[in-house]
Amino acid sequence: MTDTTHDIPAEVLEEVETLRVELRRHSYLYYHEARPEISDTEYDELFRRLQALERHYPSLESPDSPTKRVGAPPQARFQTVEHVAPLLSLDSSEKSEDFVRFDERVRRALGEGVTPRYILEPKLDGASIELVYEEGVLTRAVTRGNGQEGEGVTENIRTISTVPLRLRTDVRPAPALLSLRGEVLMYISDFADFNARLAEADIEPYASPRNSAAGSIRQLDSRVTASRKLDLLVYDVLAVDGTSFDSDTAGVEAIREWGFSVPERIQTVTTVDEVLAYHAAFESDRDELDYEIDGVVIKLDDLAARRAMGATSHHPRWAMALKFAPRQEVTVIEKIDIQVGRTGVLTPVAWLRPVVVGGVTVSRASLHNREELRRKDLREGDTVRIQRAGDVIPQVVEVIKHHDERAEPFEMLDRCPVCDTEVYPDGPRTICPNRFGCSAQLKGRIIHFGSRAALDIEGLGDETANLLVDRGMVTQLAELFDVTPDQLVDLEGFGEKSASVLVDAIAATRTPDLRRFLIALGIPEVGVTVARTLAERFGSFHAIRSATIDELVAIDGIGPRMSEAITDFFADERNAAAVDAVLARGVEPQTIEVTASDLPDLGTAVFTGAIPVPRVVAETAWQSVGGRTSGSVSKKTAFVVAGDKAGSKLAKAQKLGVEVLDFDQFIVRLEEHGGSLEGSD
Ligand code: IVH
């Protein structure tokens, strides 16, 4: 029998349609209304019956079938997709005075006698996403990217149980085109379980639920996304054909009727006091919620009024976020020591008396470099105020009480604490030059090689890497491939099964994705985005390795400093030998089709004022995802990151209409592009 729809028996067509309708209904009852009508087993039976029919009659497969949630085969890369309408950011502040000023501006714009009505929502701390439905069917899901275009992650979003693959139409018909904006979340309780499971397997944990949500939707293998517990809350109609709403409230009502979850406790109010009370109530309930929020969003409800106020190129004038102050706690520095990273940088680290900050136990904080340490004059025994920058990275804000008999000021060492080689200063940083002889650097390289952004070798975490080096089993990166299950079984924490799992996981990286392999080598300046650009431009590892500075500089998004770092890396004899040793173990980075790169230009960032980490750390992090940085603001600056006491650069940015981000917003932006601040110092 040929497999075209008209050859399929009518009763099969009917059964498939009935199964789909029923499965959709039961899934909605289960996930959105928490009142299932059938048991999980009964649901599974219906699901498997539908799967079997679709398998038997492949022409019946359809992208909006409930069976499409289980994940599709891995893709080579994400497509860059333009948004239906730009995904603007929000102007934000932690100060209620700024909201009062915002309210005054709104009142002036609306004219005398008109009372603005605000719609209030929690500001969800997840990953921003656009969903596009055509004729009621989910056709695209796109990450925020640079606001104009992002990455197409449709297959991944399909796996989220609460995302309708087809709009509900029992109350409201489906428009021809609908574009929505929402936030993908991982609940705090699910995040805790998930990280605990990772820790058990010695897999690098995620730093925050947001980080984990963002990482989960950027998986090339959507089956991985399907295995994570995620939710999606939708709060905005970006574009809709054929219908229009007068107010955001009406839009949110429609969103609900089309079958989505929306943020809880949405309210409309008309006075400044009500807004501030809403903010205060959410802030005090913050620790009881099972999801992270970092403030509240205040938007004009009336859509005609919104149009009258308009938007700048990056944020609407009719909305703002009123953020919460960062969570702070007080604790004691028990010890300060120096850690040596894979690039030889010596980083002072404060070991703290463990303290819970916003649901996460903090026991260490990077003190970044000797300048930072001197400026804050931190000493062992001091009582300090700490906070999580961007609610993620722990940092010491200030000393609030000296220890009675104060320890001596902490001095940076003259020699590497691990290999005893004389260290040298490089700006504010201190570096151990013993690249190939320092065991700390080797451990760092191994951990990085197997890390999530690189070759993602499950079971090769900090503990295992330390053991492998300390026991002399691995004396250079390439020797990872020589490790046998028999050797591993002797190590603490390994059994026969976990030993062979790790050896298999290492062996499975013998045909690595080219981008991941580039990241894994730890070439200075080469992070996720640069690796992707190089891979797409050159196609093979060999071509990248032999690229000249001129060829590299000619590529958009790769500046002279990066080009030099890349060519220097491969020109160094010892690096070359280390890379050759890896290739000699039969590692063959995949070649990919060369394309004209269509990566979104991430633009130039300028940092100003007192930001919570040294500027070089923030700059390096932005460059490592392919962004550029500069010391001065011009019309071409993409955004300015303004810390406390920002002065003339901030003023200039405001005058030129350049987007201004606070440090938290910068971290969100960074993470949206797969970057992070951790590990960049
Ligand atoms: S409204 C143009 N509402 O906050 C206004 N944004 O920069 C569009 N966010 O990454 C945003 N919860 O994804 C809005 N209830 C909410 C939100 C929200 C979280 C995120 C948004 C964006 C950031 C604002």
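What you are looking at is a predicted structure, and each value in this text was computed from that prediction instead of being measured.

K.L.:
For the packing of helix α1 (residues 10–31) against helix α2 (residues 40–56), give the residues involved together with the corresponding values.
P.N.:
Two numbers describe how α1 lies on α2: the axes approach to 10 Å, and their chain directions differ by 145°. The two elements α1 and α2 cross, and the hand of that crossing is left-handed. Residues Val-12, Glu-15, Val-16, Leu-19, Arg-20, Leu-23, His-26, Ser-27 and Tyr-30 of α1 touch α2, and the partners they reach there are Asp-40, Tyr-43, Leu-46, Phe-47, Arg-49, Leu-50, Leu-53 and Glu-54. Looking at side-chain class alone, the contact of α1 with α2 contains 10 nonpolar, 2 polar and 5 charged residues.

K.L.:
Describe the pattern of salt bridges, listing the residues and the values that go with them.
P.N.:
One pass over the full model with this rule turns up 49 salt bridges. Here Asp-420 and Arg-415 are joined by a salt bridge, their closest N and O atoms 3.4 Å apart. Here Asp-420 falls in the partly exposed class, since its relative accessible area comes to 46%.

K.L.:
Could you give an account of helix α12 (residues 439–449), with specific residues and numbers?
P.N.:
Most of α12 is tucked away, with 9 of its 11 residues classed as buried. Taken together, the buried positions of α12 are Ala-440, Gln-441, Leu-442, Lys-443, Gly-444, Arg-445, Ile-446, His-448 and Phe-449. Where the residues of α12 are buried, they touch β12 (328–340), α13 (462–470) and α16 (514–520).

K.L.:
Let's hear about the site of the ligand: which residues, and what values?
P.N.:
Around the ligand lies a shell of 13 residues, among which Glu-121, Leu-124, Ser-128, Glu-183 and Tyr-235 are the nearest. Across the complex, the protein chains shield 94% of the 520 Å² of accessible surface that the ligand would expose by itself. When contributions to the shell around the ligand are tallied by element, the ones reaching two or more residues are β3 (118–124), β7 (177–185) and β10 (293–300). Examining the composition of the shell around the ligand, we find that 4 residues originate from one element, β3, more than from any other. In terms of residue class, the shell around the ligand is built from 6 nonpolar, 2 polar and 5 charged.

Procedures and definitions
- Residues numbered from 1 in each chain as written.
- Predicted model: local features only at pLDDT ≥ 70, side-chain atom pairs only at ≥ 80, totals over all residues.
- Heavy atoms only, no water.
- Axes fitted to C-alpha atoms, helices over the stretch in contact; angles between N-to-C directions.
- Helix = DSSP H or I, 4+ residues; strand = E, 2+ residues; numbered from the N terminus.
- Left-handed = near helix turned anticlockwise from the far one by under 90°.
- Contact = heavy atoms within 4.5 Å.
- Nonpolar A, V, L, I, M, F, W, Y, C, P; charged D, E, K, R; others polar.
- Salt bridge = Lys/Arg side-chain N within 4 Å of Asp/Glu carboxyl O.
- Buried < 20%, exposed > 50% of the residue type's maximum accessible area, 1.4 Å probe, protein only.
- Near = heavy atom within 4 Å.
- Areas by Shrake-Rupley, 256 points an atom, 1.4 Å probe, with all protein chains shown as cover.

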